[in-house]
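Given next are the chains, with one letter for each unit.
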Amino acid sequence: MPVLTGPGVLAGPGPLHAVPSPAARHRRGPADRGPDTTAARAEALARSGHGGAALDLLDEVSADPSATDATARDARALRTLVRGEHPGERGAPRAPAPGDWGRALTEGPVRAAADAWAGVLAGLPAYEIAPRAMHALAALSPPSQPSLPSPQPPPSFRDPGGPGSASVAAAAIRALLHTDRLAAAAGWSGRLAAHAEEDGASERQAEFLTLLAVAEYRQGELSAARGHLATALGLVPGGDAQPWRLTALLTRGRVLALTGRAPAPGHTAAPAPAPAPVPVHTALPRHADAVPRAPSPNSLQWVDHLYFRGETRLARGRPAEALMDFVRCGRALRDWGADRPTVTPWRSGAARAHLALGNRGPALALALAEVRLARECAAPRTLGISLREAAVAADPLFRMDLLQESARTHETAGARLELARTLALIGRERHRTGDRKAARAVLSTACEAAHACGAVALEKRVRQELAAAGGRVCGKAVRDSRTLTARQQRVAELAVQGYGNREIAARLSLTESTVEQHMTQIYRKLDIGKRSEIKISGETLG
């Protein structure tokens, strides 16, 4: 969260060990009672999980007659951000009316980010939320930059206000993630992580690397996500109270399960398609829900933790317990006024649990309700997942139409991992209906897509499906430049031109460790062992 130090200027909090307890926050000396200092303490309290205490302090700042208009205005915007992250305290904040851009354009980056986050919780369409988030990020960049930038942020972006303005940027990036603007979220996160590394701000760097890893996981760049999560968690050992750390731990659990770096308990693939297909989900590792410190039950982090525990229980063959977790997620979000699939897709989880229990009717009802809500939010990855879950629960007559729409939506979103999962189900459904030739073609594509993502466990399951359909099990996926992501292609281009890792990092505003991870992926995908062997077609370079 940002800290207010003057009209539109943000700065970071002091060391966490200096954060006052909620009970002691009013027992300060006169020098510590100014509106700016009070806002600083509110920011620190919010970051350590005390949302209610932070909101009380921000109420004081807003009502303080000695506060400037700009300080009071930014305190109100910051209060919106804190309420959005801790909606159990006072409910979700009020979102701006659709098409109302006045506050976001005139009141500065804190208000723009706050409006974007409130819009996520209210279920505004993604095309209403993402521009506000991008405007907040651009407003923190040098004045020479345009107010509404392209999805790739300017390389010269700096963090003029310190850790506080970085917190505003983090909130804006989270809004981009929740609206499935994954490329934009990854671009901003990578550059801000690089700048934080240059500034020696380890915790800030870890937070932005975590956001980058979330974007990469959702795009299907699992190896890069795993590397960035390891770096983030290693930068700031401990610190379990920090929200970014819990996000990193939950994302790491999902990535490890997919990449085969942790055991996937109790799951074996059937040798042939089941009469009623089930989603191609990979079981989560046994340690996945062992989070060191549970978050505040009034925060969105608590819902994230609860949803992840439901996923884990479902993967372990405990659907009744999983269903209870998913339903608790939904109940909390409804009570808070934040029941949107872009926040937490609890209906999809509950639908899978109902199917595992043999309750197809309730599963279909939940899945279709989530499709309707996801369409309203206009977030393509979320919509594609809900369409896939509805297809699994639907009558076979309608299943293929839903799956094909899901695949198109995931392709549009750039969600390669979800696309691979959906293609696997399309192949299975083709096999079930007796079209073995079409099944083999789709399953081969799904196999290559899973391989390109590094989703080892998913690839193994698709191989078994392909063998059951009478197809030749795919060997190595195609190893040419077409399997590289856009960012990897750019790194490869510069490497071919003779630039070293440090020079590439400087030119692309990335950390050197990020470039090293990209080079590792390039070697793997092109099946080479050294830089001089990189060969990229002219078509790709064009």
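Residues numbered from 1 in each chain as written. Predicted model: local features only at pLDDT ≥ 70, side-chain atom pairs only at ≥ 80, totals over all residues. Heavy atoms only, no water.

Visitor: How should the overall build of the chain be read in this particular structure?
Guide: Counting its regular elements, the chain contains 25 helices and two strands. Sequence separation of at least 24 residues holds for 66% of the intrachain contacts in the chain that already meet a minimum separation of 6. (Helix = DSSP H or I, 4+ residues; strand = E, 2+ residues; numbered from the N terminus. Contact = heavy atoms within 4.5 Å.)

Visitor: How should I be thinking about the packing of aromatic side chains in this particular structure?
Guide: Here the distance between the centres and the angle between the planes together describe a pair of aromatic rings. The final tally for this structure, using the stated rule, is one aromatic pair. Here Tyr307 and Phe326 contribute two aromatic rings whose centre-to-centre distance is 5.2 Å and whose plane-to-plane angle is 55 degrees, an arrangement assigned as tilted. Pair noted here: Tyr307 is in helix H13 (residues 300-315) and Phe326 is in helix H14 (residues 319-336), with a separation of 19 residues, a long-range link. Assigned by exposure class, Tyr307 and Phe326 land together as buried. In this structure, Arg174 is placed above the aromatic ring of Trp117, and the distance from its NZ or CZ to the ring centre is 5.8 Å. (Phe/Tyr/Trp six-rings, centres within 6.5 Å; stacked < 30°, edge-to-face > 60°. Buried < 20%, exposed > 50% of the residue type's maximum accessible area, 1.4 Å probe, protein only. Lys NZ or Arg CZ within 6 Å of the ring centre and 35° of its normal.)

Visitor: Explanation requested: the confidence of the model for the chain in the structure shown.
Guide: Predicted coordinates in areas of low pLDDT are best not read in detail. In the predicted model, the chain carries a mean pLDDT of 79, and the fraction of residues at 70 or more is 78%. Counting contacts from residues 1-32, a segment whose pLDDT is below 50, to residues more than four positions away or on other chains yields 82 contacts. Taken as a whole, residues 538-542 scores under 50 in pLDDT and shows four contacts with residues more than four places along the chain or in a different chain. (pLDDT = per-residue confidence, 0-100.)

Visitor: Is there a simple way to explain the environment of Gln404 in this structure?
Guide: Along the chain, Gln404 turns up in helix H18 (residues 396-413). On the basis of relative accessibility, which here comes to 29%, the residue Gln404 falls in the partly exposed class. Residues Gln404 and Arg388, spaced 16 residues apart in sequence, show a C-alpha to C-alpha distance of 8.8 Å. Setting aside chain neighbours within four positions, we find Gln404 in contact with Ile426 and Arg430.

Visitor: Would you mind going over helix H11 (residues 222-235) with me for this structure?
Guide: Think of an α-helix as 3.6 residues a turn; residues three or four steps apart then line up on the same face. Between its first and last C-alpha, H11 extends 20 Å over 14 residues, near the 20 Å set by a 1.5 Å rise per residue. When H11 is considered as a whole, its buried residues turn out to be Leu222, Ala224, Ala225, Gly227, His228, Leu229, Ala232 and Leu233. (Expected span 1.5 Å × (residues − 1).)

Visitor: Help me understand helix H23 (residues 501-508) in this model?
Guide: Here H23 has its buried residues at Asn501, Ile504, Ala505 and Leu508. Viewed along the axis of H23, the buried residues span an arc of 100 degrees, placing them on a single side of the element. Projecting away from the buried face of H23 at angles above 90 degrees are the exposed residues Arg502 and Ala506. Elements that come into contact with the buried residues of H23 comprise helix H9 (182-199), helix H22 (486-496) and helix H24 (512-526). (Arc of directions from axis to C-beta.)

Visitor: Is there a simple way to explain the pattern of salt bridges in this structure?
Guide: Applying the stated criterion to the full structure yields 26 salt bridges. Between Arg309 and Asp325 there is a salt bridge whose closest N-O contact spans 2.8 Å. With Arg309 in helix H13 and Asp325 in helix H14, this pair connects stretches of sequence that are 16 residues apart. For Asp325, a relative accessible area of 1% translates into the label buried. With its nearest N and O atoms 2.9 Å apart, the salt bridge here joins Glu459 to Arg463. (Salt bridge = Lys/Arg side-chain N within 4 Å of Asp/Glu carboxyl O.)

Visitor: Is there a simple way to explain the nonpolar core in this structure?
Guide: Most often, soluble globular proteins keep nonpolar side chains buried together rather than apart. Of all hydrophobic cores here, the largest spans 112 residues; its most connected members are Leu137, Ile173, Leu176, Leu177, Phe208, Leu333 and Leu417. Not counting chain neighbours up to four residues away, the residues in contact with Phe208 comprise Ala166, Ala169, Ala170, Ile173, Ser189, Leu192 and Ala193. In this structure, Leu494, Leu510, Met519 and Leu526 belong to the second largest nonpolar core, which totals 15 residues. (Core = buried A, V, L, I, M, F, W, Y, C linked by side-chain atoms within 4.5 Å.)

Visitor: For this particular structure, what's the right way to read the packing of H11 against helix H12 (residues 243-259)?
Guide: The packing of two helices is summarised by the inter-axis angle and the distance between the axes. At a closest axis distance of 10 Å, the pairing of H11 and H12 adopts a crossing angle of 145 degrees. As H11 packs across H12, the resulting crossing turns out to be left-handed. Contacts between H11 and H12 pair Leu222, Ala225, Arg226, Leu229, Ala232 and Leu233 from the former with Trp244, Arg245, Ala248, Leu249, Thr251, Arg252, Val255, Leu256, Leu258 and Thr259 from the latter. Partitioned by chemical class, the residues of the contact of H11 with H12 number eleven nonpolar, two polar and three charged. (Axes fitted to C-alpha atoms, helices over the stretch in contact; angles between N-to-C directions. Left-handed = near helix turned anticlockwise from the far one by under 90°. Nonpolar A, V, L, I, M, F, W, Y, C, P; charged D, E, K, R; others polar.)

Visitor: Where do I start with the packing of H22 against H24 in this structure?
Guide: In contact at an axis separation of 10 Å, H22 and H24 are set at 90 degrees when each is read in the N-to-C sense. Between H22 and H24, the angle falls in the class roughly perpendicular. Taken together, the residues of H24 that come into contact with H22 (itself represented by Arg487, Gln488, Val491, Ala492 and Ala495) are Val515, His518, Met519, Gln521, Ile522 and Lys525. Here the residues of the contact of H22 with H24 are counted per class, giving six nonpolar, three polar and two charged. (Parallel < 35°, antiparallel > 145°, perpendicular 65-115°, else oblique.)

Visitor: Would you explain the environment of Ala112 in this entry?
Guide: By the element assignment, Ala112 lies in helix H6 (residues 109-122). Residue class for Ala112 comes out buried when judged on its relative accessible area of 0%. Sequence separation between Ala112 and Arg132 is 20 residues, and the spatial gap between their C-alpha atoms is 5.5 Å.

Visitor: What should I look at first to understand unusual backbone geometry in this one?
Guide: Trans is the common state for peptide bonds, and a negative phi is the common state for residues other than glycine. Despite not being glycine, Asp180 shows a phi value in the positive range, around 65 degrees. Structurally, Asp180 can be placed in the loop between helix H8 (163-178) and H9. Of the residues examined, Asp180 reaches a relative accessible area of 5% and is grouped as buried. Positioned with a positive phi, Ala378 is a non-glycine residue whose angle comes to about 55 degrees. With respect to the secondary-structure elements, Ala378 resides in the loop between helix H16 (360-377) and helix H17 (380-393).

Visitor: Help me out: how do you make sense of the environment of Glu376 in this one?
Guide: With respect to the secondary-structure elements, Glu376 resides in helix H16. Judged by its relative accessible area of 44%, Glu376 falls in the partly exposed class. Note: C-alpha distance between Glu376 and Gly123 (253 residues apart in sequence) is 7.3 Å. When neighbours within four sequence positions are excluded, Glu376 is seen to be in contact with Gly123 and Pro125.

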